[in-house]
Amino acid sequence: MNRVKGKICIITGGSLGIGRACAQRLAEEGARIAIFDLLDEPGHAAIDAIQARGAQARYWHVEIADERSVAAAVAGVAAHFGAIDVLVNNAGIAGANKPTHEITEAEWDRVQAVNVKGVFFCTKHVIPHMKRARAGSIINLSSIYGLVGAPDSPPYHASKGAVRLMTKTDAMFYAADAIRVNSIHPGFIWTPMVVGYLRAGGAVDLELARGALSKHHPLGHVGEPDDIAWGVVYLASDESRFITGSELIIDGGYTAQ
Ligand code: NAD
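Report follows, based on the coordinates. (Residues numbered from 1 in each chain as written. Predicted model: local features only at pLDDT ≥ 70, side-chain atom pairs only at ≥ 80, totals over all residues. Heavy atoms only, no water.)

## Thoughts on the overall build of the chain
Thinking step 1. Of the regular secondary structure elements, the chain holds eight helices and seven strands.
Thinking step 2. Here the C-alpha radius of gyration of the chain, 17 Å, is about what a compact globule of 257 residues would show, namely 18 Å.
Thinking step 3. Considered along the principal axes of its C-alpha atoms, the chain spans approximately 45 × 35 × 35 Å.
Thinking step 4. Sequence-distant contacts in the chain: of pairs separated by 6 or more residues, those separated by 24 or more amount to 71%. (Helix = DSSP H or I, 4+ residues; strand = E, 2+ residues; numbered from the N terminus. Rg over C-alpha atoms; globule rule 2.2 N^0.38 Å. Contact = heavy atoms within 4.5 Å.)

Here it is, written out as structure tokens:
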């Protein structure tokens, strides 16, 4: 019940999918929640659901690829809640799924702007608050595709590889401040992103497509957002106090093969 009691947690991309599950589970474990997202309606619905269960939560409209938007929201969280203990850098996009030689510069740049620069901006603006507190946990959502390749979505794979090493670099920079930085590497998790990915790939029967995707995971199925959210709760909590620069793989065995 109280694994992250009193901790103030920012979750980017908390309106939907994995981020929404993270916000819910962290709140259930005693955290106070700040959701950063572009999708206001589902964001407010996520906040309402958390508040209905007695926890504190607030929504900020944020474009994580825009430094001014991030800086204003981070300052807003610090003013509203008084501190920032946890940052979950979760917001991300899949981007164009075609071979490298067909990708345009704009398609490449947009994925890096959200998935890489967004993590940089959020980390940059949260760190001074954590340094002052001499404590903090930053959790970066990379992917199995930050660890292994696959013949699709080149900008996405590049971005998730970058997030993996940004995590280790920041873990080294801020260890002396007792700020921990870790990455999570999910296999396929059933969220709006994956549904969009399957539809963009021409899937008409989603259940059939889900079955085909499931076969890549030795446990025999794709994951659910809570499978990642419980990992986030662990890395946000003091249970993981000796873990930094680490990679938590939650992939049903995908990368063990
Ligand atoms: P999703 O598309 O279902 O949800 C992403 C959320 O991020 C949405 O609410 C969206 O509005 C928000 N967002 C996107 N761009 C934003 C921006 N520029 N500024 C602010 N908010 C923005 O995605 P998901 O499947 O829940 O994925 C969450 C994270 O996990 C992503 O970083 C993704 O790459 C990673 N991941 C997902 C899977 C998977 O199978 N679902 C696997 C590996 C890694």
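## Brief notes about the sheet that holds strand β5 (residues 136-141)
Thinking step 1. Reading across from one edge, β3-β2-β1-β4-β5-β6-β7 is the order of the seven strands in this open sheet, with parallel pairing throughout. Of all strands in the sheet, those with a lone pairing partner are β3 (57-61) and β7 (247-250), marking the two edges. In this sheet, neighbouring strand axes are inclined to one another by 20° on average, regardless of whether the strands run parallel or antiparallel.
Thinking step 2. In this structure, strand β1 (residues 8-12) lies alongside strand β4 (residues 86-89), joined through three bridges in parallel fashion. Among the inter-strand pairings, I11 is bridged to a residue of β4, identified as V88. (Pairing = 2+ DSSP bridges. Axes fitted to C-alpha atoms, helices over the stretch in contact; angles between N-to-C directions.)

## Concerning the layout of surface pockets
Thinking step 1. Counted as a void, the largest pocket has a volume near 820 Å³.
Thinking step 2. Along the walls of the largest pocket sit 38 residues, with N90, A91, G92, I93 and M193 positioned nearest its centre.
Thinking step 3. Breaking the lining of the largest pocket down by element, the ones donating at least two residues are α1 (17-28), β2 (32-37), α4 (105-133), α5 (154-174) and α6 (192-200).
Thinking step 4. In terms of residue count, the dominant contributor to the lining of the largest pocket is α6 (four residues).
Thinking step 5. Residue composition of the lining of the largest pocket, grouped by class: 22 nonpolar, 11 polar and five charged.
Thinking step 6. Taken together, M1, N2, Q24, R25, A27, E28, E29, G30, A49, I50, R53 and A55 make up the full set of residues lining the second largest pocket.
Thinking step 7. The leading source of residues in the lining of the second largest pocket is α1, at four residues.
Thinking step 8. When the residues that make up the lining of the second largest pocket are grouped by side-chain class, the tally is five nonpolar, three polar and four charged. (1 Å grid on protein atoms, 1.4 Å probe; cavity = no way out; pocket = protein on both sides within 12 Å on 5 of 7 lines; lining within 4 Å. Points joined across faces, edges and corners; volume = space filled by probe spheres on them. Nonpolar A, V, L, I, M, F, W, Y, C, P; charged D, E, K, R; others polar.)

## Quick look at the site of the ligand
Thinking step 1. The environment of the ligand is made up of 30 residues, and the closest members are D37, N90, Y156, I189 and T191.
Thinking step 2. At a separation of 3.2 Å, a nitrogen atom of the ligand approaches a polar backbone atom of I64.
Thinking step 3. Between Y156 and the ligand, the recorded distance is 2.7 Å, taken from a side-chain N or O atom to an oxygen atom.
Thinking step 4. Within the complex, 94% of the 820 Å² of free accessible area of the ligand lies under protein.
Thinking step 5. The pocket occupied by the ligand, as judged from atoms lying within 2 Å of grid points, is the largest pocket. (Near = heavy atom within 4 Å. Polar contact = N/O pair within 3.5 Å; in protein donor to acceptor, adjacent residues only side chain to side chain. Areas by Shrake-Rupley, 256 points an atom, 1.4 Å probe, with all protein chains shown as cover. Sits in = over half its atoms within 2 Å of the grid points.)

## Some words on the packing of aromatic side chains
Thinking step 1. Tallied over the full model, the rule gives seven aromatic pairs.
Thinking step 2. Here F36 and W60 contribute two aromatic rings whose centre-to-centre distance is 6.2 Å and whose plane-to-plane angle is 65°, an arrangement assigned as edge-to-face. A residue pair is termed long-range when its members are at least 10 positions apart, and F36 in strand β2 and W60 in strand β3 qualify at 24 residues. Both residues of the pair, F36 and W60, count as buried.
Thinking step 3. With 5.7 Å between their ring centres and 40° between their planes, F188 and Y197 make a pair best called tilted.
Thinking step 4. An aromatic cluster is present here, built from Y145, F188, Y197 and Y254 joined pairwise through their rings.
Thinking step 5. The ring of W190 carries the charged tip of R210 above its face, separated from the ring centre by 4.4 Å. (Phe/Tyr/Trp six-rings, centres within 6.5 Å; stacked < 30°, edge-to-face > 60°. Buried < 20%, exposed > 50% of the residue type's maximum accessible area, 1.4 Å probe, protein only. Lys NZ or Arg CZ within 6 Å of the ring centre and 35° of its normal.)

## Structural notes on the pairing of β5
Thinking step 1. Among the six residues in β5, six count as buried, and that is most of the element.
Thinking step 2. The side-chain alternation of β5 yields two buried faces, one formed by G136, I138 and N140 and the other by S137, I139 and L141.
Thinking step 3. By the bridge criterion, four bridges tie β4 to β5 in an arrangement that is parallel. Its bridge partner being in β5, N89 is matched across the sheet by N140.
Thinking step 4. Once you follow β4 into α4 and on to β5, the crossover reads as right-handed.
Thinking step 5. Of the pairings in the sheet, the one linking β5 to strand β6 (residues 179-186) comprises six bridges and is parallel in character. From the neighbouring strand, S137 faces β6, where its bridge partner is R180. (Right-handed = clockwise from strand over helix to strand, strands pointing away.)

Any functional reading would require information that these geometric values do not contain.
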